[in-house]
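Residues per chain, in single letters:
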Amino acid sequence: ILRRRIKEVLRDKSQTTIAEVIENYGGIEKGLPELFGYIGVVKDFKHSISPDKKQRIEFDIENKKSIQIPEIILTK
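Sequence order as written defines residue numbering, which begins from 1 separately in each chain. With the structure being a predicted model, the display of local features is reserved for residues of pLDDT at least 70 and the display and counting of side-chain atom pairs for 80 or more, all residues being used for whole-chain, interface and lining totals. Only heavy atoms go into the side-chain values, all of them from the structure, while hydrogens and water stay out.

A. Looking closely at unusual backbone geometry. In this model, Lys-64 sits at a positive phi of 55°, which is unusual for a non-glycine residue. Numbering of helices and strands runs from the N terminus, with a helix taken as a DSSP run of H or I at least four residues long and a strand as a DSSP run of E at least two residues long. Turning to its location among the elements, Lys-64 is positioned in the loop between strand 2 (46–60) and strand 3 (65–75). Its relative accessible area of 70% is what places Lys-64 among the exposed residues. Three exposure classes are used, based on accessible area relative to the maximum for each residue type with a 1.4 Å probe and protein chains only: buried under 20%, partly exposed in between, and exposed over 50%.

Given below as structure tokens:
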């Protein structure tokens, strides 16, 4: 599912970030394991990591929990 979501976003754009993909599909539904799943499938795509740029990903909306990660850019 996660790979398909990334592919669908990249179909319309030449590049995107993990945060944009997550936002595009309504946020994280299954907590940190889902976020780590996205990070795990990044290796299947052309990508780069910007350690100087950080993105905050909310993984538990109900309890207002989030994590800050380096920006991960995915390209076609």
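Now, onward.
B. Broad picture of the pairing of strand 2. Pairing of strand 2 with strand 3, which is carried by 11 bridges, proceeds in the antiparallel orientation. Residue Arg-56 lies in a different strand from strand 3, and its bridge partner there is Gln-68. In short, DSSP must find at least two bridges between two strands for them to pair. Counting the residues in the hairpin turn of strand 2 and strand 3 gives 4 residues, including Lys-64, whose phi is positive at 55°.

C. Expanded view of the environment of Lys-43. Along the chain, the position of Lys-43 falls in the loop between helix 3 (32–41) and strand 2. In this structure, the C-alpha to C-alpha distance between Lys-43 and Ile-6, residues 37 residues apart in sequence, is 12 Å.

D. Highlighting the pairing of strand 3. Inspection of the sheet shows strand 1 (residues 15–17) paired to strand 3 by 3 bridges, in the antiparallel sense. Considered in strand 3, the bridge of Gln-15 is made with Thr-75.

E. The arrangement of the sheet that holds strand 3 in detail. Sheet architecture is open: 3 strands sit in the order 1-3-2, paired in antiparallel fashion. For this open sheet the edge positions go to strand 1 and strand 2, each flanked by a neighbour on one side alone. Across this sheet, the average inter-strand angle for adjacent strands is 25°, counted without regard to direction. Note on geometry: axes are C-alpha line fits, over the in-contact stretch for helices, and angles between N-to-C directions span 0 to 180 degrees.

F. Geometry of the nonpolar core. Side-chain atoms within 4.5 Å are what join buried Ala, Val, Leu, Ile, Met, Phe, Trp, Tyr and Cys residues into a set we call a nonpolar core. Grouped together as the largest cluster of nonpolar side chains are 19 residues, with contacts concentrated most on Ile-6, Ile-18, Ile-22, Ile-28, Tyr-38, Ile-57 and Leu-74. When contributions to this core are tallied by element, the ones reaching two or more residues are helix 1 (2–12), helix 2 (18–24), helix 3, strand 2 and strand 3. Throughout, a residue-residue contact means that at least one pair of heavy atoms, one from each residue, lies within 4.5 Å. Residues contacting Ile-22, with those up to four places away along its chain left out, are Gly-27, Ile-28, Leu-35, Tyr-38 and Ile-57.

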